[in-house]
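Examining the three-dimensional arrangement
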Amino acid sequence: MIDTKAFYDYLQAKNFDFFAGVPDSLLKNLCACIKENSDAKHNIITANEGNAIALASGYHIATSKYGVVYMQNSGIGNAVNPLLSLADEEVYSIPMLLIVGWRGEPGVHDEPQHVKQGKVTLPLFKAMEIKTVILEENYQKQIDDCLKYIQKHNKPIALIVHKGMFSEYKTSKPENPYTISREEALETVIDTLTEEDFIVSTTGKTSREIFEIRERRGEEHSNDFLTVGSMGHTSSIALGMSIGTDKNVYCIDGDGSFIMHMGSFAVTASVAPKNFKYILINNGAHESVGGQPTVAFKIDVKKTLLALGFKNVYEATTKEEITKYMSSLKNKELQALVIYTKLGAREDLGRPTVSPVDNKKAMMKKLSK
Ligand SMILES: Cc1ncc(C[n+]2csc(CCOP(=O)(O)OP(=O)(O)O)c2C)c(N)n1
């Protein structure tokens, strides 16, 4: 196992002093260490992974230094465009070090949404003509070689990280002022829904909690579309569904997901039918992957949603308020509810035991009735 702080110090010693990226569960300890030891201008938690490539590019142009971009391999897709049309040697030729968490690595058990991404991670980089190096415990020479490579070729290189490579990096537990948990908020929302109401829920623990709530209540899962991957696209899936059915479609999003592709909301609000309902669980963090902050507490989310075209945006911090505002969402168009929740989740939170395809089939059957 790699001593996380020693790895960070080694990068700094090699003049890698600028970090940008989206947090990842496999890189949780490294992200925590970077956050604690770099100032806010030298560690930018970006809306999506493409932003991080662009930021590292801008930093290099201004300083001639090499940025470090961290991401989960799920984020490669978001990074492809700026990697190929900005940093690529045939365009602006911008060197940088990518650190990529390898979810779904072949031979290592992982969730369905990570299996294909894990299998194609190395081939994807190969297709982009980006050299990959698989991080080893004796990383010093690897970092030296990466540095030499990017200096020589003026292009990105990717360090691919297996599960469990970084030692625990202890920091104080992230906190916020709110008192209800995401799971309590979700259960309160579900209490107000009927068989005629459908859910499209976001990536991470939100969908896992919804699955477990249904299990606990002995209910079917066919009203819930669990967006296990595809972070940031939950609201667009819900929009498509709400156009295709008269049933109510409740998008249950997270603030990290909302911010990841916020541009889509301007379009969503311009076309959303009356049965599209938006619920944002705002805990100010990427809670599912280690609690790294998002900018959701730095912006006024209510005003943002209103500016994007929502007609009413309610805010709730208690179960009573959730119940009250859920009834306000009904029968009116462009209604949103922002629920503020504390951080953390149950230690024993499980994972969906119904496969994504079976989840989809059950929902399609129900919607076609
Ligand atoms: C494109 C992409 N980047 C990163 C991830 C890793 N990831 C999974 S859940 C998550 C955090 C989601 O944060 P938020 O939407 O605020 O929900 P919370 O976990 O706080 O409930 C991240 C970064 C991913 N799945 N996909």
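Here goes a summary of the coordinates provided. Just so you know, these numbers come straight off a predicted model, no measurement behind them.

**Quick notes on the nonpolar core**
Most often, soluble globular proteins have nonpolar side chains that are buried together. Counting 47 residues, the largest nonpolar core has V189, C251, I279, L280, L337, V338 and I339 as its most contacted members. Residues contacting C251, with those up to four places away along its chain left out, are V200, T234, S235, A238, K277, Y278 and I279. Residues L11, F18, M71 and V161 belong to the second largest nonpolar core, which totals 46 residues.

**Here we look at the site of the ligand**
Around the ligand, a shell composed of 26 residues is seen, among which G204, G254, G256, E287 and S288 lie nearest. Within the residue set of the shell around the ligand, elements represented by two or more residues are α8 (205-216), α10 (255-260) and β11 (285-286). Per element, the largest residue contribution to the shell around the ligand is 3 residues, and it comes from α10. Partitioning the shell around the ligand into residue classes produces 6 nonpolar, 15 polar and 5 charged. When we break the shell around the ligand down by domain, the ones giving at least three residues each are domain 1 (4-161) and domain 2 (182-367).

**A short note on the packing of helix α7 (residues 182-191) against α8**
Their axes nearest at 10 Å, the elements α7 and α8 cross at an angle of 55 degrees. For the element pair α7 / α8, the angle class is oblique. Note that α7 runs across α8; the crossing there is right-handed. Between α7, through R182, E183, L186, E187 and I190, and α8, the contact on the second element is made entirely by K205, T206, E209, I210 and I213. When grouped by side-chain class, the residues that make up the contact of α7 with α8 number 4 nonpolar, 1 polar and 5 charged.

**Observations concerning the sheet that holds strand β10 (residues 276-282)**
Reading across the sheet, the 6 strands line up as β8-β7-β9-β10-β14-β13 and stay open at both edges, with parallel pairing between neighbours. Lying at the two open borders of the sheet, with one neighbouring strand each, are β8 (224-226) and β13 (312-316). On average, adjacent strands in this sheet sit at an angle of 20 degrees to one another, irrespective of strand direction. Pairing of strand β9 (residues 248-254) with β10, which is carried by 6 bridges, proceeds in the parallel orientation. Each bridged residue has a counterpart across the sheet, and for Y250 the counterpart in β10 is K277. Helix-sheet contacts for helix α13 (residues 319-329) involve β10, β13 and β14 (335-340), and the interaxial angle to β14 is about 165 degrees.

Cut-off values and rules
- Residues numbered from 1 in each chain as written.
- Predicted model: local features only at pLDDT ≥ 70, side-chain atom pairs only at ≥ 80, totals over all residues.
- Core = buried A, V, L, I, M, F, W, Y, C linked by C-beta atoms within 7 Å.
- Buried ≥ 20, exposed ≤ 12 C-beta atoms within 10 Å, placed from the backbone.
- Contact = placed C-beta atoms within 7 Å.
- Near = placed C-beta within 6 Å.
- Helix = DSSP H or I, 4+ residues; strand = E, 2+ residues; numbered from the N terminus.
- Nonpolar A, V, L, I, M, F, W, Y, C, P; charged D, E, K, R; others polar.
- Domains from an automatic or database assignment.
- Axes fitted to C-alpha atoms, helices over the stretch in contact; angles between N-to-C directions.
- Parallel < 35°, antiparallel > 145°, perpendicular 65-115°, else oblique.
- Left-handed = near helix turned anticlockwise from the far one by under 90°.
- Pairing = 2+ DSSP bridges.

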